[in-house]
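# Structure at a glance
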Amino acid sequence: MAVAEQYQGVRASLDAVCASCGRDPGEVALVAVSKTTDVAHVAEAMQAGATDFGENRPDELMLKATSLPAARWHFIGNVQSRRIPDIVAHAQLVHSVFKAEHLPKIDRAAAAAGKVQDILIEVNVSGEQAKGGAAPGELGDLLAQAGELEHVRVRGLMTMAPQGDLDVARECFSALRQLRDQANAALPSGMPALTELSMGMSEDWEAAVEEGATLVRIGRAVFQEGFE
Ligand SMILES: *Cc1c(COP(=O)(O)O)cnc(C)c1O
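Residues numbered from 1 in each chain as written. Predicted model: local features only at pLDDT ≥ 70, side-chain atom pairs only at ≥ 80, totals over all residues. Heavy atoms only, no water.

### Focus: the site of the ligand
Inclusion rule: We call a residue near a molecule or strand whenever a single non-hydrogen atom of that residue lies within 4 Å of it. For every accessible area listed, the method is Shrake-Rupley and the probe measures 1.4 Å; residues are considered covered only by the protein chains on display. Put simply, Ala, Val, Leu, Ile, Met, Phe, Trp, Tyr, Cys and Pro go in the nonpolar bin, Asp, Glu, Lys and Arg in the charged bin, and everything else, Gly too, in the polar bin.
Taken together, the residues surrounding the ligand are V33, K35, I76, M160, M201, S202, R217, I218, G219 and R220. Alone, the ligand offers 390 Å² of accessible surface; in the complex the protein occludes 90% of this. Residue classes in the shell around the ligand are distributed as 5 nonpolar, 2 polar and 3 charged.

### Section: the environment of A48
Using the following cut-off: Under the scheme used here, helices are H or I runs from DSSP no shorter than 4 residues and strands are E runs no shorter than 2 residues, and both carry numbers assigned from the N terminus. The buried label goes to any residue with under 20% of its type's maximum accessible area, the exposed label to any with over 50%, and the partly exposed label to all in between, with areas taken from a 1.4 Å probe on protein chains only. Residues are treated as being in contact if the distance between any of their heavy atoms lies within 4.5 Å.
Examined against the element boundaries, A48 turns out to sit in the loop between α2 (39–47) and β2 (52–55). On the accessibility criterion, A48 (13% relative accessible area) is buried. For the pair A48 and Q8, spaced 40 residues apart in sequence, the C-alpha to C-alpha distance is 6.7 Å. Apart from residues lying up to four places away in sequence, A48 is in contact with A4, Y7 and Q8.

### Quick notes on the side chain of N124
As a reminder of what qualifies: Think of a polar contact as two N or O atoms within 3.5 Å of one another; within protein, one of them needs to be a possible hydrogen donor and the other a possible acceptor, and neighboring residues in sequence only count if both atoms come from side chains.
Relative to the elements of secondary structure, N124 occurs in the loop between β5 (117–122) and α6 (139–147). Classification of N124 by relative accessible area gives buried; the value is 11%. A polar contact of 3.3 Å, which involves the side chain of N124, links it to the backbone oxygen of K131. Setting aside anything within four residues of it in sequence, one finds N124 in contact with K131, G132, G133, A134 and P136.

### What to know about the pattern of salt bridges
Inclusion rule: For this analysis, a salt bridge means a side-chain nitrogen from Lys or Arg found within 4 Å of a carboxyl oxygen belonging to Asp or Glu.
Per the counting criterion, the structure on display carries 16 salt bridges. A salt bridge links E128 to K131; its shortest N-O distance comes to 2.5 Å. Residue E128 is classed as partly exposed on the basis of its relative accessible area, which comes to 32%. Overall, the relative accessible area of 22% leaves K131 in the partly exposed class.

### Let's talk about the nonpolar core
Applicable threshold: Nine residue types can take part in a nonpolar core, namely buried Ala, Val, Leu, Ile, Met, Phe, Trp, Tyr and Cys, and a core is a set of them joined through side-chain atoms within 4.5 Å.
F53, I119, I121, L143, L157 and V216 are the most contacted members of the largest nonpolar core, which totals 67 residues. The dominant element in this core, judged by the number of residues it contributes, is helix α1 (residues 2–20), at 7 residues. When near neighbours in sequence (up to four residues on either side) are disregarded, F53 contacts V31, A32, S34, V42, A45, M46, A71, R72, W73, H74 and F223. Listed in part, the 5 residues of the second largest apolar core include V31, L93, L120 and L215.

### Section: the pairing of β2
Applicable threshold: Note on handedness: a crossover is taken as right-handed if, strands pointing away from the viewer, the path from the first strand over the helix to the second is clockwise. Paired strands, in this sense, are two strands between which DSSP finds at least two bridges.
The two faces of β2 match: D52 and G54 on one face and F53 and E55 on the other face are all buried. Traced from strand β1 (residues 29–33) through α2 to β2, the parallel crossover comes out right-handed. Pairing geometry for β2 and strand β3 (residues 72–75), over 4 bridges, is parallel. When the bridges of β3 are listed, E55 appears paired with F75. The β-α-β motif built from β2, the intervening helix α3 (residues 58–67) and the parallel element β3 has right-handed crossover chirality.

### With respect to the environment of S20
By the element assignment, S20 lies in helix α1. With relative accessibility at 60%, the residue S20 sits in the exposed group. Separated by 126 residues in sequence, S20 and A146 have C-alpha atoms that sit 36 Å apart.

### So, the state of the cysteines
Our working rule: What counts as a disulfide here is a pair of cysteine sulfur atoms lying within 2.5 Å.
Under the defined criterion, the tally for this structure stands at 0 disulfides. Residue C18 stays outside any disulfide, its sulfur separated by 5.8 Å from that of C21, the closest cysteine. Overall, C18 belongs to the buried group, its relative accessible area being 0%.

### Some points on the packing of α1 against α2
Counted only if it meets this: Axis angles are defined between N-to-C directions and span 0 to 180 degrees, where every axis is a line fitted to C-alpha atoms and, for a helix, only to the segment in contact. Here the angle decides the label: under 35 degrees means roughly parallel, over 145 means roughly antiparallel, 65 to 115 means roughly perpendicular, and every other value means oblique. Less than a right angle of anticlockwise turn of the near helix away from the far helix marks a crossing as left-handed, whereas a clockwise turn marks it as right-handed.
The N-to-C vectors of α1 and α2 enclose an angle of 50°; their axes lie 8 Å apart at closest approach. It follows that α1 is oblique to α2 by the angle criterion. Crossing of α1 over α2 shows right-handed handedness. Across from A2, V3, A4 and Y7 in α1, the residues of α2 making contact are H41, E44 and A45. The residue makeup of the contact of α1 with α2, split by class, is 5 nonpolar, 1 polar and 1 charged.

Keep in mind that these numbers describe shape and distance, not what the molecule does.
Here you go:
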């Protein structure tokens with residue numbers, strides 16, 4: 001019961017924040033990050049209306065996506081070359097691509113799987129050393145390279161804000177939106193506009209929605225019992 005109630009509570013808060021900042025709740029997907037929970041709890045969230053789940057390890061992605069194929073699965077973790085075929089086989093959207101060398105590998109895996117892989121480019125907006133992501137200045141080259149690949153489609157950008165200071169987080173989210181808008185103004189010819197912004201987690205998703213998030217990645221607020 002706890003998971004169902006918490007999921008519905010977060011979704012209701014998300015709808016309320018959308019309403020208060022004049023956004024359509026239908027344009028903000030709640031990706032329930034299930035990396036710390038099991039298949040049974042994911043199934044419980046699905047019964048409560050959850051449709052999208054995020055995993056950061058390929059093995060857990062494979063296990064859960066195979067068990068619950070009716071959900072949409074998002075890969076949000078560290079991409080390793082040798083695991084790209086497994087990730088591509090199970091993820092609708094890969095949020096965490098930022099290395100040029102991974103793009104042709106994703107393209108080949110997607111071609112072999114008979115799909116076009118939707119991806120986001122992860123950008124390290126905050127500049128924190130420990131964080132993954134491309135530097136903002138590398139984005140143009142990555143988009144140009146992805147634009148050459150038939151089985152890769154870049155849908156937008158992703159970032160992780162530093163934890164602990166909501167003002168700093170908000171600046172990161174705002175900066176990611178501006179980067180996306182700049183990228184759209186200078187896209188390689190023929191590339192569809194970047195529409196998605198994956199930003200915001202349990203502690204900072206409200207600011208992210210106010211700054212334009214289209215995907216929020218929420219783990220603990222849904223799956224950790226009693227999270228406030
Ligand atoms: C774990 C994780 C989340 C969810 O974090 P919570 O604080 O539990 O909401 C979001 N994004 C990424 C990339 C994660 O690894």
